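# Residue-level structural notes
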Amino acid sequence: MTDCTDKELGQMLHDYELGLLSEDDTERFEMHLFQCEHCDAQVRDFTEASRIMTHDTDAKELVGSIAGKDELGVARQRKAWTPFTKLLIAAVVVLVLAVPIYRYWLQPEEAAVVQTLELLPTRTTGSDVVYLEKGGEVEIIFYAGKELRASADIVISEFEGDTVLVKPGFSDFNDQGLGTLTVSISDFREGHYVLTIKADGPDTDLPQAQYMFRVK
Amino acid sequence: MTRTIDELHSLVVSGDQKAEVQLFSALADKFRLFAHRRVWNSQEAEDLVQNALMVVTKEYLQLEIETSFSAWAYKVIQNRLLAYIQKRRREEGRNVPDDSCAYLAGSWVPDPVLKMKLLDCLRKVGSTNRRYARILNLHQIGFSRKEVCQRLGMHLQQSYMVMSRARAMLRECLEKGDISR
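Residues numbered from 1 in each chain as written. Chains lettered and ligands numbered in written order. Predicted model: local features only at pLDDT ≥ 70, side-chain atom pairs only at ≥ 80, totals over all residues. Heavy atoms only, no water.

## Concerning the packing of aromatic side chains
Which entries qualify depends on this criterion: Working definition: rings of Phe, Tyr and Trp (its six-membered ring) pair if their centres are within 6.5 Å, and the pair is stacked with planes under 30 degrees apart, edge-to-face with planes over 60 apart, and tilted otherwise. Only runs of H or I of at least four residues qualify as helices and only runs of E of at least two qualify as strands under DSSP, and these elements are numbered from the N terminus. A 1.4 Å probe rolled over the protein chains alone gives each residue an accessible area, and that area as a share of the maximum for its type sets the label: buried under 20%, exposed over 50%, partly exposed in between. Note on geometry: a ring has a charge over it if NZ (lysine) or CZ (arginine) is within 6 Å of the ring centre and within 35 degrees of the ring normal.
Per the stated rule, a full pass over the model turns up nine aromatic pairs over all chains. Judged by centre distance (5.7 Å) and plane angle (55°), the rings of Phe34(A) and Phe34(B) are tilted. Of this pair, Phe34(A) sits in helix α3 (residues 23-35) while Phe34(B) sits in helix α2 (residues 17-38), each in a different chain. The same class applies to Phe34(A) and to Phe34(B), which are both buried. The rings of Phe24(B), Tyr60(B), Phe69(B) and Trp72(B) are connected pair by pair, giving a single aromatic cluster. Between Arg167(B) and the ring centre of Phe46(A), over which it is positioned, the NZ or CZ distance is 4.5 Å.

## Regarding the state of the cysteines
Residues and elements named next belong to chain A. Where we set the bar: The disulfide criterion is simple: two cysteine sulfur atoms within 2.5 Å.
Per the stated rule, a full pass over the model turns up one disulfide over all chains. Not part of a disulfide, Cys4 finds its nearest cysteine sulfur in Cys39, a span of 3.7 Å. The class for Cys4 is buried, based on a relative accessible area of 14%.

## Some remarks on the side chain of Thr54(A)
All names here are of chain A. To be explicit about the condition: Polar contacts, as used here, are pairs of N or O atoms within 3.5 Å; protein pairs need one atom able to donate a hydrogen and one able to accept it. Residues neighboring in sequence count only if both atoms are side-chain atoms.
Take Thr54: it is sitting in helix α5 (residues 47-55). We classify Thr54 as buried; its relative accessible area is 19%. A polar contact is formed between the side chain of Thr54 and the backbone oxygen of Arg51, at a distance of 3.3 Å. Side-chain polar atoms of Thr54 contact the side chain of His55, separated by 3.0 Å.

This is the structure in structure tokens:
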């Protein structure tokens, strides 16, 4: 009989027979069988014995008993990982993770009280500081002019700090010139902020107005 | 010396009609080997082989093969086998391994004489080559080859060598009734 044409692949012969190769290696070995008469003959010769070794309970038990106590603990440990156990563990993990998420989902409902920040003309000259609770949304109501025809840019900056929010081109005003804008301040840190309304057009009462508020 | 399938294919392409018969005979032989390994029902395995051969017959002369004829032909049978196993898996609604039709093993009865001899030889080989028995057992437990190697402190190539040697001993034992120590 001829020799194996590829010794490296030829070494996988018994693993192939017993179905122990990975999918990729099985493919490589079967491609090798196209070229190698030696391995082809060996596989055919051992087919029935391979089937007994891979599917006969007595053969499996015999192998287990020869391997002996070395793997006894391992077997017990492995057998514990049955599909049911895995499923159970997965369910517990999902539950544990879901509880905080569930609470988190509820929290915005509870905390999403819309606060109102009324920036009406009376405040434009005052030094009042409006306090807002950290988190949730704030409904900013501001007065921009009786006959506003243009839009307004709204900018919120940290007091003497970075701009944290820009809402350009706001134009949703009612007949009285009151605009209502809802913004989320969930990401705002505690501290003072300045809200600037820049309104275009000659007819606006507030070409530029600034308000201060504090998040606590 | 027997020609390989790719050599036979080259002859057929160059116009050798005798080689065509040899090519399909050799191809059927290979296809049967792969099919019977995965599909233990002989009739169903043969249907798959014939189906794959039909595809090859229809397409092999028109096709522009980029790699080799045997690689292409292998894909033809492999795709049919995989599709068959997936279909059976859907029908049976349980986990059938990709690489084998173990679900057909229920109707399979091993040759009792061979089984007795094999069990005797396995006992002898396993006692002599303990690492072989441990590799097999760890696989049965569910470890991958990488995990088996880590556990037994050996390289992958080493594990293949252990398997090869053990197989040679098993064959010797099956032929002679014992192993030379």
